[in-house]
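Structural characterization, general
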Amino acid sequence: MQFDFTSGPIRRSLVLFSLPLIGGNLLQQCYNIIDTWIVGRYLGNIPLAAVGSAFSLMILLNSLLLGLCMGSGVVFSQLYGEGKIAEMKQAIFNAFLVGSCASVVLLALTYPALPMIAKLMHIPGDALPAFTGYLKIIFLGIPFTFLFNFGAAVLRGVGNSLAPLLFLLLSTIGNIVLDLLLVLVFHQGVEGAAIATVIAQGISALGLLLYIMLRLPQLHPHRSHLHLDRQLLRRIASVSMLTSFQQSIMNFGILMVQSLVNSFGIATMAAFAAGVKIDAFAYAPAQDFANGFSTFVAQNAGANRPDRVRQGFRTALCLSVIFCLIVSGLVFLFAKPLLTLFIDPTELEALSIGVQYLRMEGVFYAGIGLLFLLYATYRGLERAGMSIVLTVISLGLRVLISYSFAPDFGAWVIWVSIPIGWLIADVVGIAGLGRAFQSKTDSLP
């Protein structure tokens, strides 16, 4: 199913398009949750702390490629909205070439840098073998991460969000089976969990590309499209590089916070690792709804429909805030039972810290939900630079407050700094929306 967002009911099309995105991201979160659950409950707190720190690093590395794919997807959506299908095919080729080179370079740089990364992240000696062993395998999945996200960006650019979900479902099932087999049956430890994840990533990436090749010939670039176009490359780069930079800044800030958390010891590391997994699962639907809204914005910007962009933002904001408030209430009420999915109930210190984290930070999910929508809107309007500004504000405040006060007052300062950063960034983002809408309208033909 493909969606043309330039006409028809806004709420219905946004919800229907976003549901597969939400389902897909929840399945991706299942990769990490399954790893965390098995590692935490069957291997112990030290491996859990190591995998949690490794997860923060991988999010940073993957964000470089994800940003390239998200930015390219905006260009695909705008060209589709303009009806320029031939130019869209050429854009697909150009973006694929750039992203492939980036994934190869990233893979080549990660292995030599691993000892330095572990030192900068303050990984405790007890957790170091598990941390490095897990990452040496997980790094192999970097090309698969790019291939899947690129294929998904192509499909979502033309309004197809269902196919990526189906292949993620297949790979998630495979990941569950392999995790249980390699860790619990063959006792491969954290390395077994990493192998299961990489194989699952390969299944989803190669399956989705095969689907595009066999079922969607109308999207295939032909020989006339297989050449570099400077003007098109500049357009792709202007959105993709900024989006990639924005994603990287965001996750670099998270990595800095993770490094500070590590300094508080294994119990705090384990609590934070479990809490972050719960966070990711809880507000993933709001994030994916926003990503779907980015396609809506880009298509309507391409079709010169700023009225629908404004109306769509109001509709999306209502839906996102309602959802986030409901989830915040559930996380607050069930913080401890949720944490025991990952932390052994006898680990009382880690559980106590985790409950504190979720109840201080989790009640403000509406703040991050609005921030996701602002990112998506500015990205869809090709104003990705503003997304960088909002990210620097949000993460910069979090890092500044945490490093300034947490060493003296405790880890709870880190938890409080997160919603403070969201709130200030939201205020700045909303203040700039009117100018962004007007600027994009003036630039349209």
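Residues numbered from 1 in each chain as written. Predicted model: local features only at pLDDT ≥ 70, side-chain atom pairs only at ≥ 80, totals over all residues. Heavy atoms only, no water.

Concerning the confidence of the model for the protein chain
For the protein chain, the mean per-residue pLDDT works out to 86, and 96% of the residues sit at or above 70. Within the protein chain, the lowest mean pLDDT, 62, falls on helix H16 (residues 433-443), and the highest, 94, falls on helix H15 (residues 412-431). (pLDDT = per-residue confidence, 0-100. Helix = DSSP H or I, 4+ residues; strand = E, 2+ residues; numbered from the N terminus.)

Description of helix H6 (residues 162-185)
Between its first and last C-alpha atoms H6 spans 34 Å; for 24 residues at 1.5 Å apiece the expected length is 34 Å, and the two agree. All of the buried residues in H6 are Ala 163, Pro 164, Leu 165, Phe 167, Leu 168, Ser 171, Thr 172, Asn 175, Asp 179, Leu 182 and Val 183. Two residues or fewer past H6, His 187 is found with a positive phi of approximately 55 degrees. (Expected span 1.5 Å × (residues − 1). Buried < 20%, exposed > 50% of the residue type's maximum accessible area, 1.4 Å probe, protein only.)

Re the nonpolar core
Among the nonpolar cores identified, the biggest contains 131 residues, and Leu 57, Phe 131, Phe 293 and Tyr 365 are the most heavily contacted of them. Element by element, the count of residues in this core is highest for helix H9 (residues 266-302), at 16 residues. Setting aside anything within four residues of it in sequence, one finds Tyr 365 in contact with Asp 279, Ala 282, Tyr 283, Cys 324, Val 327, Ser 328, Val 331, Leu 358 and Trp 422. (Core = buried A, V, L, I, M, F, W, Y, C linked by side-chain atoms within 4.5 Å. Contact = heavy atoms within 4.5 Å.)

Overview of the side chain of Thr 340
Within the fold, Thr 340 resides in the loop between helix H11 (335-339) and helix H12 (348-361). Of note is the side chain of Thr 340, whose polar atom sits 2.6 Å from the backbone oxygen of Pro 337. Here Thr 340 is in contact with Arg 41, Pro 345 and Leu 351, once residues within four sequence places are set aside. (Polar contact = N/O pair within 3.5 Å; in protein donor to acceptor, adjacent residues only side chain to side chain.)

Looking at the pattern of salt bridges
In total, this model carries three salt bridges according to the counting rule given. The shortest N-O distance in the salt bridge between Asp 307 and Arg 305 comes to 3.0 Å. Each of Glu 82, Lys 84 and Arg 235 takes part in salt bridges that share partners, so that together they form one network. (Salt bridge = Lys/Arg side-chain N within 4 Å of Asp/Glu carboxyl O.)

A short note on the packing of helix H5 (residues 142-157) against helix H7 (residues 189-215)
At a closest axis distance of 8 Å, the pairing of H5 and H7 adopts a crossing angle of 35 degrees. Of the two elements, H5 crosses H7, and the hand of that crossing is left-handed. On H7, the residues touching Phe 144, Thr 145, Leu 147, Phe 148, Gly 151, Ala 152 and Leu 155 of H5 are Val 198, Gln 201, Gly 202, Ser 204, Ala 205, Leu 206, Leu 208, Leu 209, Tyr 211 and Ile 212. Residues that form the contact of H5 with H7 fall into these classes: 12 nonpolar, five polar and no charged. (Axes fitted to C-alpha atoms, helices over the stretch in contact; angles between N-to-C directions. Left-handed = near helix turned anticlockwise from the far one by under 90°. Nonpolar A, V, L, I, M, F, W, Y, C, P; charged D, E, K, R; others polar.)

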